[in-house]
Amino acid sequence: METSDILFNYTFPIQIRLSDLDPLGHVNNGVQFFYYDLGRIHYLETLVGGPISWTDIDMVVVHTACDFMHSIRDKENIAVQTKITELGNKSVRMIQRIINTDTQEVKGTCFTILSGFDREKDCSKVISDEFKQKAKAFEKDI
């Protein structure tokens, strides 16, 4: 997934923990999904202007795909960059990447689709106009 032509307005620094590492001193690929989750959560909190209420959240991840490009080592300074690329009626498309903040080397990319979710009916729902307005104001190019 090529991301060099994408302007990311949001970057979240990641602290690598000892438990994130495999026996070779690389961040485990499975742990990188957690990094993307952290970046996505903090991005959404920035977008909506405050903490997300986990009892009221109305979007869920319905698809994710990652490309692992370069190993992440224990002493690297890394961050997750996040961007909404498309807003649909019931879905939000998002792209993220992990970068080395010293060299700007892209370590991996992640493409995610979120769906509006009605907790009471346990089914998809329309993404709110309020969320769409906040996303468009933040990203300016969607």
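Residues numbered from 1 in each chain as written. Predicted model: local features only at pLDDT ≥ 70, side-chain atom pairs only at ≥ 80, totals over all residues. Heavy atoms only, no water.

**Some thoughts on helix 1 (residues 29-48)**
Given a rise of 1.5 Å per residue, 20 residues ought to cover 28 Å, and the 29 Å separating the end C-alpha atoms of helix 1 matches this to within 8%. Those residues of helix 1 that sit buried are Val31, Gln32, Tyr35, Tyr36, Gly39, Arg40, Tyr43, Leu44 and Leu47. Its buried side turned inward, helix 1 meets strand 1 (10-14), strand 2 (59-68), strand 3 (78-87), strand 4 (91-100), strand 5 (106-118) and helix 2 (129-139). The N-capping residue of helix 1, defined by a side-chain oxygen 2.6 Å from the backbone nitrogen of Gly30, is Asn28. Once helix 1 finishes, Gly49 follows within two positions and takes phi at roughly 85°, a positive value. (Helix = DSSP H or I, 4+ residues; strand = E, 2+ residues; numbered from the N terminus. Expected span 1.5 Å × (residues − 1). Buried < 20%, exposed > 50% of the residue type's maximum accessible area, 1.4 Å probe, protein only. Contact = heavy atoms within 4.5 Å. Polar contact = N/O pair within 3.5 Å; in protein donor to acceptor, adjacent residues only side chain to side chain.)

**Section: helix 2**
All of the buried residues along helix 2 are Phe131, Lys132, Ala135 and Glu139. Buried residues of helix 2, seen end-on, are gathered within an arc of 100° and therefore sit on one face of the element. Exposed and oriented more than 90 degrees from the buried face of helix 2 are Asp129, Glu130 and Gln133. Of the surrounding elements, those touching the buried residues of helix 2 are helix 1, strand 2, strand 3 and strand 4. Downstream of helix 2 by one or two residues, Lys140 has phi in the positive range, about 65°. (Arc of directions from axis to C-beta.)

**With respect to the pattern of salt bridges**
Scanning all chains against the criterion turns up nine salt bridges. When the shortest N-O distance is used, the salt bridge between Asp20 and Arg17 registers 2.8 Å. Taking the relative accessible area as the measure of exposure, Asp20 reaches 1% and is therefore buried. (Salt bridge = Lys/Arg side-chain N within 4 Å of Asp/Glu carboxyl O.)

**What about the nonpolar core?**
In this structure, Tyr35 and Phe131 are the most contacted members of the largest nonpolar core, which totals 26 residues. Listed by contribution, the elements that provide at least two residues to this core are strand 1, helix 1, strand 2, strand 3, strand 4, strand 5 and helix 2. Per-element tally for this core: the top contributor is helix 1, with six residues. With residues near it in sequence (within four places) discarded, Tyr35 still touches Ile14, Ile16, Asp20, Val27, Ile78, Val80 and Ile98. (Core = buried A, V, L, I, M, F, W, Y, C linked by side-chain atoms within 4.5 Å.)

It is worth stressing that arrangement in space is one thing and function is another; only the former is reported here.
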